[in-house]
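Each chain is listed here by its residues.
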Amino acid sequence: MEAHGLSERRACRLAQLDRSTLQYQKRPDNDQILRRRLRELANERRRFGYRRLGILLEREGLHANHKKVFRIYREEGLAVRRRRGRKRAIGTRQPILVPDRLNQRWSLDFAFDVLSDGRRFRTLCIVDDFAREALATVVDISLSGMRVARELDRLIGYRGKPSMIVSDNGTELTSHAILKWAKDTKVEWHYIAPGKPMQNAFVESFIGRFRDECLNENVFTTLAEARSLIEEWRIDYNTTRPHTSLGGLTPAIYAQSHRINRPASLELRKGSAQQALTATQIEETNVNRLST
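Because the structure is a prediction, the values reported are computed rather than measured. (Residues numbered from 1 in each chain as written. Predicted model: local features only at pLDDT ≥ 70, side-chain atom pairs only at ≥ 80, totals over all residues. Heavy atoms only, no water.)

Quick look at a nonpolar patch on the surface
Right, on to step 1. Together, Met1, Leu17 and Leu22 give the surface a local cluster of nonpolar side chains, amounting to about 260 Å² of exposed area.
Right, on to step 2. Locating methionine 1 in the fold gives a position in the segment before α1 (8-15). (Patch = residues over 30% accessible without salt bridge, like charges linked within 9 Å, V, L, I, M, F, W, Y side chains within 5 Å. Areas by Shrake-Rupley, 256 points an atom, 1.4 Å probe, with all protein chains shown as cover. Salt bridge = Lys/Arg side-chain N within 4 Å of Asp/Glu carboxyl O. Helix = DSSP H or I, 4+ residues; strand = E, 2+ residues; numbered from the N terminus.)

As for the sheet that holds strand β1 (residues 105-114)
Right, on to step 1. Spatially, five strands are ordered β3-β2-β1-β4-β5 in an open sheet, and the strand pairing comes out mixed. Each edge of the open sheet carries a strand with a single partner, namely β3 (133-140) and β5 (188-191). Each strand of the sheet is rotated relative to its neighbour by a mean of 25°, with strand direction disregarded.
Right, on to step 2. In this structure, strand β4 (residues 164-167) lies alongside β5, joined through four bridges in parallel fashion. In the sheet register, isoleucine 165 faces β5, and the bridge partner there is tryptophan 189.
Right, on to step 3. Contacting β1, β2 (120-128), β3, β4 and β5, helix α6 (residues 145-159) crosses the sheet at an angle of about 145° to β3. (Pairing = 2+ DSSP bridges. Axes fitted to C-alpha atoms, helices over the stretch in contact; angles between N-to-C directions. Contact = heavy atoms within 4.5 Å.)

Some remarks on the packing of aromatic side chains
Right, on to step 1. Taken as a whole, this structure holds eleven aromatic pairs when the rule is applied.
Right, on to step 2. With a centroid separation of 6.1 Å and 5° between ring planes, the pair formed by phenylalanine 206 and phenylalanine 210 is classed as stacked. With phenylalanine 206 and phenylalanine 210 both in helix α8 (residues 201-213), this residue pair falls four residues apart, about one helical turn.
Right, on to step 3. When the centroid spacing of 5.7 Å and the interplanar angle of 50° are considered together, the rings of phenylalanine 206 and tryptophan 233 count as tilted. Taken together, the positions of phenylalanine 206 in helix α8 and tryptophan 233 in helix α9 (residues 223-239) put the pair 27 residues apart, joining distant regions of the chain.
Right, on to step 4. Since its relative accessible area comes to 2%, phenylalanine 206 is described here as buried. (Phe/Tyr/Trp six-rings, centres within 6.5 Å; stacked < 30°, edge-to-face > 60°. Buried < 20%, exposed > 50% of the residue type's maximum accessible area, 1.4 Å probe, protein only.)

Brief notes about unusual backbone geometry
Right, on to step 1. The phi dihedral of asparagine 103 falls on the positive side, at around 60°, and the residue is not glycine.
Right, on to step 2. Within the secondary structure, asparagine 103 sits in the loop between α5 (66-75) and β1.
Right, on to step 3. Phi at arginine 132 is positive, roughly 60°, even though this residue is not glycine.
Right, on to step 4. Assignment of secondary structure puts arginine 132 in the loop between β2 and β3.

Below is the structure:
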């Protein structure tokens with residue numbers, strides 16, 4: 001049209017292009033209210049597909065045809081997970097927030113290793129996501145859902161109750177014992193999406209350090225020896241080992257500074273003897289409180 005001075009009609013005929021396609025102007029996206037409400041409804045009604053959610057939107061006066069609802073539904077990743085096999089617990093479809101205080105969120109997972117005679121054992125690792133503090137490393141041959149619930153009760157007895165616990169979808173953590181425990185204690189339990197371990201990044205990071213610095217550095221001959229050495233490493237991790245994400249402080253010092261609602265002292269820097277001494281006293285206090 002510009003080069004040869006042709007009309008729009010003739011140029012479109014020569015290019016075999018529909019005039020409506022040439023004249024089309026993209027409409028602005030005014031679906032933010034619809035999109036936000038669809039996410040909220042999908043979180044409330046986790047087993048509803050896009051058609052039922054579309055009906056609920058219609059009832060609220062948010063009119064949209066099923067094709068638009070389906071498009072937004074797919075873009076937001078709200079597809080209902082198909083259940084296979086036995087009944088399992090599934091997490092919410094909302095992303096969890098980064099914690100900003102102690103006991104706001106704990107995360108837990110299992111680590112595996114073997115004794116010198118070839119017997120396998122497991123370690124239940126529980127971490128406070130805010131302070132990066134290793135709250136417990138429970139070692140045993142088998143750790144059932146009931147055992148996990150007992151260990152959580154023991155930990156809450158001297159540490160206090162968390163607002164949320166994050167875990168994967170392992171059989172022990174989706175068992176009836178854990179579901180009943182979460183209901184009785186009124187602790188929100190968030191399950192990460194299957195195959196997405198980065199959604200549980202805090203405890204995964206801890207287990208990486210735990211395996212590199214403890215499990216791979218020791219040969220355990222008995223279960224008692226494994227428990228002793230792993231507990232020693234956990235105390236050292238909390239009280240001596242500097243944590244780069246905490247500005248070089250140890251998790252125990254960082255947690256203590258937030259328990260008394262003041263920033264951590266700038267004097268307690270990486271490798272400080274004062275830091276190590278104070279952190280050790282904190283950990284010993286917690287251990288004494290637990291034994292009492």
